[in-house]
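The primary structure of each chain is shown beneath.
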Amino acid sequence: MARILAFDYGTKRIGIAVTDPLQIIATGLDTIHPKDIIDYIKRYMLAEQVEAFVLGDPKQMDGSDSESKPHVKGFSTLLKKSFPTVPQHWVDERFTSKMAQQAIMQSGLKKMDRRDKDRVDTIAATIILQYFMETNRL
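Now for a quick tour of the structure. None of these values were measured; they are calculated from a predicted model.

1. So, the pattern of salt bridges
Here the structure, examined in full by the defined rule, presents four salt bridges. Of the charged contacts, one joins E48 and R3 as a salt bridge, the two residues approaching to 3.0 Å between their closest N and O atoms. Residue E48 is found in the loop between α1 (37–47) and β4 (50–57), and its partner R3 is found in strand β1 (residues 3–9); the two are separated by 45 residues along the sequence. A salt bridge links D36 to K35, with the nearest nitrogen and oxygen atoms 3.1 Å apart. A relative accessible area of 33% places D36 in the partly exposed class. What makes K35 exposed here is its relative accessible area of 63%.

Quick look at the structure:
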């Protein structure tokens, strides 16, 4: 089986998570600057098969689109142009950053390590991917 890549898109950083080949476990992969993301994915896909992309869908508390939705849509369009055969799935990403911060707080990391925004973005992408996997199991 191929892997699934998930993205927590931000204008400064994109958190990336990936499944194992059997699509059982979601793991944080990396955090990349948006300008470098397509080259990063191309290099990754030379080594690993990727079945799908999962994108965090930024929403307000009332379910309407957040201010960052146009940026994520632009990223989605860029992914479609660069990887036209890879399907995309969207997952509501409300609370993923807060959940990531809570997970970091509970991990016992030192205070300076807990402030690492790259870590928060990678964990948020992992939460997005885990949610996608749980809601799409047969």
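Anyway, onward from the coordinates.
2. Some words on the sheet that holds strand β5 (residues 88–92)
Within the open sheet, the five strands sit side by side as β3-β2-β1-β4-β5. Their pairing is mixed. The sheet terminates laterally at β3 (26–32) and β5, the two strands that pair on one side only. Taken over all neighbouring pairs, the strand axes of this sheet differ in orientation by 25° on average, direction set aside.

Here is what the cut-offs are and how they apply
- Residues numbered from 1 in each chain as written.
- Predicted model: local features only at pLDDT ≥ 70, side-chain atom pairs only at ≥ 80, totals over all residues.
- Heavy atoms only, no water.
- Salt bridge = Lys/Arg side-chain N within 4 Å of Asp/Glu carboxyl O.
- Helix = DSSP H or I, 4+ residues; strand = E, 2+ residues; numbered from the N terminus.
- Buried < 20%, exposed > 50% of the residue type's maximum accessible area, 1.4 Å probe, protein only.
- Pairing = 2+ DSSP bridges.
- Axes fitted to C-alpha atoms, helices over the stretch in contact; angles between N-to-C directions.

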